[in-house]
2 protein chains.
Amino acid sequence: MQTKKPLSLLKVYQLIEPGPVVMLTTAYKGKQNIMTMAWLTMIGFKPPLIACVLGKKKYSFAALKKTKECVINIPTVELIETVMGVGNTTGSEIDKFKKFELTPEPATLVDAPIIKECYASLECKVVDTKMVSKYNMFILEVVKAWITPRKKRARTIHHIGSGVFVVDGEIIKARFKKK
Amino acid sequence: MQTKKPLSLLKVYQLIEPGPVVMLTTAYKGKQNIMTMAWLTMIGFKPPLIACVLGKKKYSFAALKKTKECVINIPTVELIETVMGVGNTTGSEIDKFKKFELTPEPATLVDAPIIKECYASLECKVVDTKMVSKYNMFILEVVKAWITPRKKRARTIHHIGSGVFVVDGEIIKARFKKK
């Protein structure tokens, strides 16, 4: 007997999505831009490969497709309103760095900027575009990674739908008991 | 000036991976099996599509490739040691349902079992295998979803490397201020 209740298929993303929300930056035709993104996953360790999905109509989509470079910046909970704002505006109309008072810093191996206010930043190059036309999915290789040293792990945020986020809580080391 | 410090490329996954850890079930040649998985992301809303990566040597890899069906079961923090145990054993040697005292329940649209003890379960069919040979990546369509009704949101766990997990903390509704 199934003891659970049906869940709308349209709510499935609220269960799966909660990886860390990130802000992806690009630089294209002299314009630096930022988008908020939650659809990404590791797909390889060495070199680190990331699969990510960007809406086809996003201003960043064209920039990523053309330049094949980006930076994935990881914000902490302190930036939650900025993350929302960046996600609810388009770079076709505004300069998001200015509007949201974020500071672009030069990356080392890509032209896309690092966001100073984010606690970690990953410089990435697009290494596979075969899934772009069907799924809007890019395969990125992280070519350089940056992190702000901290005593405690930074608290990232995980989107659970409709502008609601769950913040990192306690950290647990799981014991694996060989029986 | 870059104010951050370099991070080992091998630790990048600790930043990106923290989506909810799940347990994927399969049924193949009369054997039900479970694996722990953290590399997955939504890639489509309607129908809900999930991209996930399974190690090629995993017992579940062959089962998923052959049967094209699975269930993604989402555990809460109470199951953390089970999740670790399932992730550190292989179905080629043991019956994980028995070993870890998990209860298989029949799903409705796939032969793979639902794990009763998980708070949500997604019945999935493989709809694209083009990325399997290169990236071990399957595209799944969620065809039926189940959730245990609760007053509070269930606390899922997010793997941050080496058997360490961060547990869901507070929930925040972000305000988007149109300026």
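Parameters at a glance
Residues numbered from 1 in each chain as written. Chains lettered and ligands numbered in written order. Predicted model: local features only at pLDDT ≥ 70, side-chain atom pairs only at ≥ 80, totals over all residues. Contact = placed C-beta atoms within 7 Å. Helix = DSSP H or I, 4+ residues; strand = E, 2+ residues; numbered from the N terminus. Nonpolar A, V, L, I, M, F, W, Y, C, P; charged D, E, K, R; others polar. Pairing = 2+ DSSP bridges. Buried ≥ 20, exposed ≤ 12 C-beta atoms within 10 Å, placed from the backbone. Arc of directions from axis to C-beta. Least-squares fit on C-alpha atoms with pLDDT ≥ 70 in both. Axes fitted to C-alpha atoms, helices over the stretch in contact; angles between N-to-C directions. pLDDT = per-residue confidence, 0-100. Core = buried A, V, L, I, M, F, W, Y, C linked by C-beta atoms within 7 Å.

**Observations concerning the interface of chain A and chain B**
Opposite the 67 residues of chain A that make contact, chain B presents 67 residues. For the side of chain A that touches chain B, the elements supplying multiple residues, two or more each, are strand 1 (5-6), helix 1 (13-16), strand 4 (40-44), strand 5 (49-53), helix 3 (80-87), strand 9 (120-128), strand 10 (137-147) and strand 12 (164-173) of chain A. Top contributing element to the side of chain A that touches chain B by residue count: strand 12 of chain A, with ten residues. Looking at the side of chain A that touches chain B, its residues break down into 43 nonpolar, eleven polar and 13 charged. The sheet contact formed by strand 1 of chain A and strand 10 (residues 137-147) of chain B spans two bridges and is antiparallel. The residue bridging Pro6(A) from the neighbouring strand is Trp146(B), located in strand 10 of chain B.

**Describing helix 2 (residues 59-67) of chain A**
Residue and element names in this part refer to chain A. Here helix 2 has its buried residues at Tyr59, Ser60, Ala63 and Leu64. Within helix 2, the buried residues cover an arc of 120 degrees as seen down the axis, which keeps them to one side. Directly beyond the C-terminal end of helix 2, a positive phi value near 60 degrees is found at Lys68.

**Here's the deal with the relation of the copies chain A and chain B**
With an RMSD of 0.0 Å, the fit of chain A onto chain B corresponds to turning through 180 degrees and sliding 0.0 Å along the axis. In short, the pair behaves as if placed about a two-fold rotation axis. Most of the interface of chain A is mirrored in chain B, where 99% of its interface residues are also at the interface.

**Considerations on the pairing of strand 4 (residues 40-44) of chain B**
Residues and elements named next belong to chain B. For strand 4, a buried count of four out of five residues is recorded, marking the element as mostly surrounded by other parts of the structure. Note: strand 4 against strand 5 (residues 49-53), four bridges, orientation antiparallel. Bridging from a neighbouring strand, Gly44 pairs with Leu49 of strand 5. Counting the residues between successive antiparallel strands, the hairpin from strand 4 to strand 5 contains four residues.

**Brief notes about the sheet that holds strand 12 (residues 164-173) of chain B**
Read across the open sheet, the four strands follow the order 11(A)-12(A)-12(B)-11(B); overall the sheet is antiparallel. A single partner strand is all that each edge strand has here, and the edge strands are strand 11 (157-159) of chain A together with strand 11 (157-159) of chain B. Mean inter-strand twist for the sheet, computed between neighbouring axes without regard to direction, equals 45 degrees. Pairing between strand 11 of chain A and strand 12 of chain A: three bridges, direction antiparallel. Counted as the bridge partner of His159(A) is Phe165(A) from strand 12 of chain A.

**Description of the confidence of the model for chain A**
Low pLDDT marks regions whose predicted coordinates should not be analysed in detail. Chain-level statistics for chain A give a pLDDT mean of 89 and a share of 90% at 70 or above. The complex model carries a pTM of 0.91, and its ipTM stands at 0.91.

**Section: helix 3 (residues 80-87) of chain B**
Among the residues of helix 3 of chain B, those classed as buried are Thr82(B), Val83(B), Met84(B), Gly85(B) and Val86(B). On its buried face, helix 3 of chain B is in contact with strand 2 (22-28), strand 3 (31-37), helix 4 (96-99) and strand 11 of chain B.

**So, the nonpolar core**
Counting residues in hydrophobic clusters, the biggest one holds 114 residues, and the most contacted among them are Ile50(A), Cys52(A), Ile50(B) and Cys52(B). Dropping the residues within four chain positions of it, Cys52(A) is found in contact with Met37(A), Trp39(A), Leu40(A), Met137(A), Phe138(A) and Leu140(A).

**Thoughts on unusual backbone geometry**
A cis amide bond, omega 0 degrees, links Lys46(A) with the succeeding residue Pro47(A). Along the chain, Pro47(A) turns up in the loop between strand 4 and strand 5. Its identity as a non-glycine residue notwithstanding, Ser162(B) has a phi of 55 degrees, on the positive side. Its location among the elements puts Ser162(B) in the loop between strand 11 and strand 12.

**A closer look at the pairing of strand 9 of chain A**
All names here are of chain A. Pairing analysis gives six bridges linking strand 6 (residues 69-74) to strand 9, with the strands arranged antiparallel. Residue pairing across strands places Glu69 opposite Lys125, the latter belonging to strand 9. Where strand 9 meets strand 10, eight bridges bridge the pair, whose relative direction is antiparallel. Bridging from a neighbouring strand, Val126 pairs with Leu140 of strand 10.

**Things to note about the environment of Val86(B)**
All names here are of chain B. Within the secondary structure, Val86 is located in helix 3. Classification of Val86 by C-beta neighbours within 10 Å gives buried; the count is 27. The sequence separation of Val86 and Met37 amounts to 49 residues, and the corresponding C-alpha distance is 9.8 Å. Dropping the residues within four chain positions of it, Val86 is found in contact with Met23, Ile34, Met35, Thr36, Lys96 and Phe100.

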